[in-house]
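# Remarks on the overall topology
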Amino acid sequence: MRRTSYCRLCPACCGVGVEIDGERILRVLGDREHPLSQGFTCPKGRRAGELMQGPGRLTTSQRRTPTGGHEPVDAARAIAEVAERLNRIVREHGPDAVGLFMGTQHNFATLTPFMARAWFRGLGSRKLFSTMTIDQSAKWLVAARMGQYTGGPQSFGDADVWLLAGTNPLVSVNGGDGDGALVTSPSANLKAARDRGLRLIVVDPRRTETAARADIHLQPRPGHDALLFAGMLHVILREELHDRDFCARYADGLPELRAAVAKATPDVVARTCDVPADDLVRAARLFAGPAGAWRPPERASAWGPTPTSPNTWLPA
């Protein structure tokens, strides 16, 4: 028997088809009729059945014992005991003494976020945490405090060049946070962009599935990304490939940036990052060069068969 559902491992929420035998999940595959994901699923999503029936899963609520171990406890009894303790904490210390963390699969479940936020509003606590406040804050809060471009992101649909750093969306999209565009059906969307002439640069120590599709793949020594990007800025500013009129009008600190990357020459990057100097220069020129100055190579055979076909199903 097949059932249509969706994956809640990341914000992409890819459509899936679930093959079941009674209550047992046999396979999880991509739903080719889903309008966004179009049959794509990542390896994590296809193994979601193990969350339901893996041998190490929890099948009951657990309560810590005086010796530090855990023992099963009936769900109704666990709820009653937790409620009693929470009420006591709120009476003694106020509602902000209660905090709640919502992780990935909770955030992208259909009802859980609404239920959790409604419960917290009723409780009166302001201590609601997530991955954005626990371990992802540097991506958003710190970056924003350091300064960010507020004119809106570049559209993937009309971009001439795209640079991906440390992400492999052809295998796992991760909601698009890492690549900025390829959130749903990444294989088909990237292929369509490459067919229309998009130039692709990938920065990754590994030759990933996505890197294999790139025009230029820079493979730096792990942990040397900052110097590599400083080297690209060095080339762009040295050759004045940047938009000088735009920068003069809207960008502060360009002389300071030029001075900061002055020593990040292609030769220094080559010695430190193990990236050939010529490749670095080519990548910088490709990234900042004028639109239309590059002809996409013939690459139909490089893609082979439709990437989603072995992992998708069509409803009967």
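What counts and what doesn't
- Residues numbered from 1 in each chain as written.
- Predicted model: local features only at pLDDT ≥ 70, side-chain atom pairs only at ≥ 80, totals over all residues.
- Heavy atoms only, no water.
- Helix = DSSP H or I, 4+ residues; strand = E, 2+ residues; numbered from the N terminus.
- Areas by Shrake-Rupley, 256 points an atom, 1.4 Å probe, with all protein chains shown as cover.
- Core = buried A, V, L, I, M, F, W, Y, C linked by side-chain atoms within 4.5 Å.
- Buried < 20%, exposed > 50% of the residue type's maximum accessible area, 1.4 Å probe, protein only.
- Contact = heavy atoms within 4.5 Å.
- pLDDT = per-residue confidence, 0-100.
- Axes fitted to C-alpha atoms, helices over the stretch in contact; angles between N-to-C directions.
- Left-handed = near helix turned anticlockwise from the far one by under 90°.
- Nonpolar A, V, L, I, M, F, W, Y, C, P; charged D, E, K, R; others polar.
- Parallel < 35°, antiparallel > 145°, perpendicular 65-115°, else oblique.
- Expected span 1.5 Å × (residues − 1).
- Polar contact = N/O pair within 3.5 Å; in protein donor to acceptor, adjacent residues only side chain to side chain.
- Pairing = 2+ DSSP bridges.

### Description of the overall build of the chain
A tally of helices and strands in the chain yields 14 helices and 11 strands. Accessible surface, the chain as shown: approximately 19,600 Å² in total, 54% of it carbon and sulfur.

### Description of the nonpolar core
By size, the foremost hydrophobic cluster in this structure holds 17 residues, and its most contacted members are Leu218, Leu228, Met232 and Ala283. Those elements that provide at least two residues to this core are strand 9 (199-203), strand 10 (216-218), helix 9 (225-238), helix 12 (266-273) and helix 13 (277-288). If we skip the residues at most four places from it in the chain, Leu228 touches Val203, Leu218, Pro220, Val269, Cys273, Val275 and Leu280. Core analysis: the next-biggest nonpolar cluster, separate from the first, contains 13 residues, Phe156, Leu164, Ala193 and Ala214 among them.

### Some words on the confidence of the model for the chain
Overall, the predicted model of the chain reaches an average pLDDT of 84, with 85% of residues at or above 70. When the criterion is pLDDT under 50, residues 175-179 qualifies, and its contacts beyond four places in sequence or with other chains add up to 13 contacts. Taken together, the stretch residues 292-316 has pLDDT below 50 and engages in 49 contacts with residues farther than four places along the chain or on a different chain.

### Brief notes about the packing of helix 9 against helix 13
With their axes 9 Å apart at the nearest point, helix 9 and helix 13 run at an angle of 65° to one another. In the packing of helix 9 onto helix 13, the handedness of the crossing is right-handed. Here Leu228, Gly231, Met232, Val235 and Ile236 of helix 9 lie close against helix 13, whose contacting residues are Leu280, Val281, Ala283, Ala284, Phe287 and Ala288. In terms of residue class, the contact of helix 9 with helix 13 is built from 10 nonpolar, 1 polar and no charged.

### Concerning the packing of helix 12 against helix 13
Relative orientation of the contacting elements helix 12 and helix 13 amounts to 120°, with a least axis distance of 8 Å. Viewed along their axes, helix 12 and helix 13 adopt a mutual orientation that is oblique. Crossing of helix 12 against helix 13: the hand is right-handed. For the pair helix 12 and helix 13, contact is made by Pro266, Asp267, Val269 and Ala270 and by Ala277, Leu280 and Val281, respectively. Residues that form the contact of helix 12 with helix 13 fall into these classes: 6 nonpolar, no polar and 1 charged.

### Comments concerning helix 3 (residues 75-93)
For an α-helix the count is 3.6 residues per turn, leaving residues at separations of three or four pointing the same way. Under the 1.5 Å per step criterion, the end-to-end length of helix 3 is 26 Å for 19 residues, consistent within 8% with the ideal 27 Å. Capping the start of helix 3 is the job of one residue whose side-chain oxygen sits 3.1 Å from the backbone nitrogen of Ala76: Asp74. Following helix 3 by one or two positions, Gly94 adopts a phi angle in the positive range, close to 90°.

### Focus on unusual backbone geometry
For Gln38, which is not glycine, the phi torsion reads 55° and is therefore positive. Note on placement: Gln38 falls in the loop between strand 3 (24-31) and helix 1 (43-46). The phi dihedral of Asp274 is positive, around 65°, even though this residue is not glycine. Mapped onto the fold, Asp274 is located in the loop between helix 12 and helix 13. Taking the relative accessible area as the measure of exposure, Asp274 reaches 47% and is therefore partly exposed.

### A short note on the sheet that holds strand 10
Strands sit in the order 8-9-10 across an open sheet of 3 strands; the sheet is parallel. For this open sheet the edge positions go to strand 8 (161-165) and strand 10, each flanked by a neighbour on one side alone. Each neighbouring strand pair of the sheet contributes to a mean axis angle of 15°, computed without reference to strand direction. Where strand 8 lies against strand 9, 5 bridges are found, and the strand directions are parallel. Paired with Val161 across the bridge in strand 9 is Arg199. Sitting on the sheet, helix 9 touches strand 8, strand 9 and strand 10, and the angle it makes with strand 8 is about 160°.

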